[in-house]
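What follows is the residue order along each chain.
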Amino acid sequence: MSDSGAVLPWLVIREDGNGNRYRVGSYATRAEAEKAAARLHRSGGEQLYVVERVARGS
């Protein structure tokens, strides 16, 4: 394990209509990630925002 900084295991991923996926944020807790995803979803557009946990050891 490295001392390079905080562990942010929760990701917000944007998925567009073509199935392309992009990481848009990393968060310390699921609640923070869900809140960010909800805020992004409310901003409009056709993108889907999902919350995923980074697998251990990644």
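Preceding block: the structure.
Each chain has its residues counted from 1, running along the sequence as written. Only residues with pLDDT of 70 or above have their local features reported here, since the model is predicted, and side-chain atom pairs are shown and tallied only from 80 upward, although totals for entire chains, interfaces and linings are computed over all residues. Each side-chain value is derived from all of the structure's non-hydrogen atoms; neither hydrogens nor water enter the calculation.

Novice: Whenever I open this one, the nonpolar core confuses me. Can you help?
Specialist: Across soluble globular proteins, nonpolar side chains have a tendency to be buried as a group. Grouped together as the largest cluster of nonpolar side chains are seven residues: Trp10, Val12, Ala33, Ala36, Ala37, Tyr49 and Val51. If you list the elements that add at least two residues to this core, you get strand 1 (10-15), helix 1 (30-42) and strand 3 (48-53). In this text, helices come from DSSP runs of H or I with a minimum length of four residues, and strands from runs of E with a minimum of two, each type numbered from the N-terminal end. For this core, the element with the highest residue contribution is helix 1, accounting for three residues. In plain words, nonpolar cores are sets of buried Ala, Val, Leu, Ile, Met, Phe, Trp, Tyr and Cys residues tied together by side-chain atoms within 4.5 Å. Exposure is judged per residue with a 1.4 Å probe applied to protein chains only, and the accessible area is read against the type maximum: over 50% gives exposed, under 20% gives buried, and values in between give partly exposed.

Novice: Sorry if this is basic, but what is going on with the pairing of strand 1 here?
Specialist: The two faces of the sheet receive side chains in turn, since in a regular strand these alternate between them. Here strand 1 pairs with strand 2 (residues 21-27) via six bridges, running antiparallel. Within strand 2, the position partnered with Val12 by the bridge is Gly25. Adjacent in sequence and paired antiparallel, strand 1 and strand 2 are bridged by five residues, among which Gly19 carries a positive phi angle near 85°. Pairing between two strands requires that DSSP report at least two bridges joining them. Two strands pair when backbone bridges link them, and strand 1 and strand 3 are joined in this way by six bridges, in the antiparallel orientation. Considered in strand 3, the bridge of Glu15 is made with Leu48.

Novice: I keep staring at helix 1 and nothing clicks. Help me out?
Specialist: Under the 1.5 Å per step criterion, the end-to-end length of helix 1 is 18 Å for 13 residues, consistent within 8% with the ideal 18 Å. Those residues of helix 1 not exposed but buried are Ala33, Ala36 and Ala37. In a view along the axis of helix 1, the buried residues occupy a sector of 100°, so they form one face of it. Along helix 1, exposed side chains directed more than 90 degrees from the buried face belong to Ala31, Lys35 and Arg42. Any two residues whose heavy atoms approach within 4.5 Å at even a single point are treated as in contact. Structurally, helix 1 contributes buried residues whose contacts are with strand 1, strand 2 and strand 3. Among the residues trailing helix 1, Gly44 stands out with phi positive, at a value near 100°. To estimate how far a helix should extend, the number of its residues minus one is multiplied by 1.5 Å. Regarding the arc, it is the one traced by the directions from the helix axis to the C-beta atoms.

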